[in-house]
Amino acid sequence: MKLTVIGLGQCGSRVADHFARLNLKARSERKATIAPVVLAMNTDQADLTGLRYIRNDYKHRILIGLRQTLGHGVGKINELGAQLAREDGDKLMDSIKNEPQFYETHAFLVIAGAGGGTGSGALPVIARMIKERHINKPIYALAVLPFEHEESSEDRSVYNTAICLKSIYEIADAVFLADNQRYVRKDASLVNNIEKINRQIVEPFYDLMCAGEITKGKGVGSRTVDGGDIIASLEGWTSFGVGRTELPSFRFPWEIRKKTFREKAVESFRGTQALDSTLSELSVACDPASAARALYVIAGPANEVNVDMAKSVSDYIKELAPTAMIRGGDFPGEKHFIDITLMFSQLDTVPRVRNYYEKATTWASEHKEQVAEVKRKLDILAEAGKDLPTLS
Ligand SMILES: Nc1nc2c(ncn2[C@@H]2O[C@H](COP(=O)(O)OP(=O)(O)OP(=O)(O)O)[C@@H](O)[C@H]2O)c(=O)[nH]1
Ligand SMILES: [Mg+2]
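Residues numbered from 1 in each chain as written. Chains lettered and ligands numbered in written order. Predicted model: local features only at pLDDT ≥ 70, side-chain atom pairs only at ≥ 80, totals over all residues. Heavy atoms only, no water.

Positive phi, normally seen in glycine, also occurs at Lys31, with a value near 55°. Within the fold, Lys31 resides in the loop between α1 (9–30) and β2 (37–42). Of note, Lys76 is a non-glycine position whose phi angle comes to about 70°, a positive value. On the secondary structure map, Lys76 appears in the loop between α3 (66–69) and α4 (78–97). (Helix = DSSP H or I, 4+ residues; strand = E, 2+ residues; numbered from the N terminus.)

Moving on: the domain arrangement of the protein chain. You can read the domains of the protein chain as domain 1 (3–202) and domain 2 (235–347). Once you take the C-alpha centre of each, domain 1 and domain 2 turn out to be 29 Å apart. In this assembly, 17 residues from domain 1 lie in contact with 15 residues from domain 2. With both chains or domains summed, domain 1 and domain 2 bury close to 1400 Å², and 56% of this area falls on carbon and sulfur atoms. For the pair domain 1 and domain 2, the interface holds zero salt bridges. Put simply, domain 1 and domain 2 have seven residue pairs in polar contact (both at pLDDT 80 or more) between them. Contributing elements (two or more residues each) for the side of domain 1 that touches domain 2: β5 (139–145), α7 (155–171), β6 (174–179) and α8 (180–186). The element that contributes the greatest number of residues to the side of domain 1 that touches domain 2 is β6, accounting for six residues. Grouping the amino acids of the side of domain 1 that touches domain 2 by side-chain chemistry returns 11 nonpolar, no polar and six charged. (Domains from an automatic or database assignment. Contact = heavy atoms within 4.5 Å. Buried area = accessible area lost by both parts, 1.4 Å probe. Salt bridge = Lys/Arg side-chain N within 4 Å of Asp/Glu carboxyl O. Polar contact = N/O pair within 3.5 Å; in protein donor to acceptor, adjacent residues only side chain to side chain. Nonpolar A, V, L, I, M, F, W, Y, C, P; charged D, E, K, R; others polar.)

Here the focus is the site of ligand 1. As a structural note, the neighbourhood of ligand 1 is formed by 23 residues, with Cys11, Lys76, Thr118, Gly119 and Asn198 the closest of them. Between ligand 1 and Cys11 there is a distance of 2.7 Å, counted from an oxygen atom to a backbone nitrogen or oxygen. Measuring from an oxygen atom of ligand 1, one finds a backbone N or O atom of Val74 at 2.8 Å. Protein contact buries 92% of the 640 Å² of open area that ligand 1 shows by itself. Grouping the amino acids of the shell around ligand 1 by side-chain chemistry returns eight nonpolar, 12 polar and three charged. (Near = heavy atom within 4 Å. Areas by Shrake-Rupley, 256 points an atom, 1.4 Å probe, with all protein chains shown as cover.)

Another aspect to go through is the sheet that holds β6. An order of β3-β2-β1-β4-β5-β6-β7-β10-β8-β9 is seen for the 10 strands of this open sheet, with the pairing classed as mixed. Whereas interior strands pair on both sides, the edge strands pair on one side only; in this sheet they are β3 (61–63) and β9 (325–332). The sheet shows a mean angle of 20° between the axes of neighbouring strands, direction not considered. In terms of strand pairing, strand β8 (residues 291–300) meets strand β10 (residues 337–347) through eight bridges, oriented antiparallel. For Ala299, the partnering residue across the bridge sits in β10 and is Asp339. Strands in contact with α7 are β5, β6 and β7 (236–246); relative to β5, the strand with the most contacts, it is inclined by about 165°. (Pairing = 2+ DSSP bridges. Axes fitted to C-alpha atoms, helices over the stretch in contact; angles between N-to-C directions.)

Below, the discussion takes up the packing of aromatic side chains. This structure, assessed with the given rule, holds nine aromatic pairs. Ring centres 5.1 Å apart and planes at 80° place the aromatic pair Phe176 and Phe205 in the edge-to-face group. On the criterion of sequence distance, the pair formed by Phe176 in strand β6 and Phe205 in helix α10 (residues 204–213) is long-range, its members being 29 residues apart. Here Phe205 falls in the buried class, since its relative accessible area comes to 3%. Grouping aromatic residues by their ring pairs yields a cluster made of Phe19, Tyr140, Phe176, Phe205 and Phe240. Sitting over the ring of Phe102, Lys137 keeps its end group 4.8 Å from the ring centre. The ring of Phe337 carries the charged tip of Arg244 above its face, separated from the ring centre by 3.7 Å. (Phe/Tyr/Trp six-rings, centres within 6.5 Å; stacked < 30°, edge-to-face > 60°. Buried < 20%, exposed > 50% of the residue type's maximum accessible area, 1.4 Å probe, protein only. Lys NZ or Arg CZ within 6 Å of the ring centre and 35° of its normal.)

On to the nonpolar core. If you look at the biggest cluster of nonpolar residues, it comprises 72 residues, and the most contacted ones within it are Leu8, Leu92, Ile96, Ile126, Ile130, Leu177 and Phe344. Taken together, domain 1 (3–202) and domain 2 (235–347) each give at least three residues to this core, which thus spans both. Residues contacting Ile126, with those up to four places away along its chain left out, are Leu8, Met41, Ala85, Gly89, Leu92, Met93 and Val110. By size, the runner-up hydrophobic cluster in this structure holds 49 residues, among which are Ala35, Ala178, Phe205 and Leu208. (Core = buried A, V, L, I, M, F, W, Y, C linked by side-chain atoms within 4.5 Å.)

This next bit is on α1. Spanning 22 residues, α1 covers 31 Å between terminal C-alpha atoms, matching the ideal 32 Å at 1.5 Å per step. Lys31 sits one or two positions beyond α1 and adopts a positive phi of about 55°. (Expected span 1.5 Å × (residues − 1).)

This part is about the pairing of strand β1 (residues 3–8). Of all six residues that make up β1, six are buried, and the element is covered over most of its length. Here β1 shows no split at all, with Leu3, Val5 and Gly7 on one side and Thr4, Ile6 and Leu8 on the other all buried. As defined by bridge partners, β1 adjoins strand β4 (residues 107–113) across five bridges and the pair is classed as parallel. What sits directly across from Gly7, in β4, is Ile111.

Put into structure tokens, the structure is as follows:
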């Protein structure tokens, strides 16, 4: 599957930058193109300059709201982020239209940190603009949830997250949730290593997107997952992850050819072992039983990934998500590993989301004045410019 990827704000742009990296990796390792169009939009000039893989010109790194923010961001005021995206979003729409490879892409992925200002506010606005202009392509959002320490020290980030999630859920075809705190829970040093978290956030998309793009030769799995499967498997709140199990590094040739029934059992066990690790890597805590759809890709050397393994993996997923419609396939991935990518979609309950909604409702009722004040300031700004002509 090929995506048009758009990063908004600091977090969104940096995660999008990693999709640009994955695209280069896919091209060199697998001769597949998975993200031919990657764009970033921000109110912060320094952040845009710091990106590494997204093309370094004004059509790919789009600065908005320069007049209002002087290139320094919106300081967590997501109403302002939304307003600037509304005013300057056409720049992004033009860039999309002018990308020759845009027409090859199957869907959009729009990314932002839900707790910030620019990305959080721009996410639903940009998603709606895209939806109105490109009705034939699904639009997916990837919302990054704040760290616990941000939630406890900055109420505003909880409020922003709730507003952003509620708004984007109504517009996007599916919303991937990536909880920053989940990545830290497993490895506390990651708080200071956002770069590593970003790598982990994008990793589960790699095999999944490659799977349908490699259509010839050795790289083709026995049952492939293509763009159509992915689109049919994604809706609403979505949790995702990838986990792996290592294969024994050396085996005699006769060990590979002749397998005892015991070895055969171990082999399919490896699939469920990888799946266990995937489950612990899911991007947001969820109850799989509440998923209406599930999608998986098993990647590994062709002589290891077989029908038995596929069956044991899909049986396991069926146990976890008994009412879900499950789609899956395999893909000859790396030599020494079995990697299982998994997405639980159309989740009807996500405790984190509910928690944001509840906390933000309380916050808004306790800070009515603050909320009104922001609105008042925005109105003053709009009023000040109302007699100026615009160029579009
Ligand atoms: N995973 C990850 N989270 C990030 C990154 N940068 C910021 N965040 C998180 O995103 C939220 C803040 O959003 P930002 O993207 O920094 O804000 P912004 O959209 O640039 O908006 P303003 O700076 O307020 O104009 C916080 O919850 C951060 O923890 C990143 O590169 N990766
Ligand atoms: Mg910023």
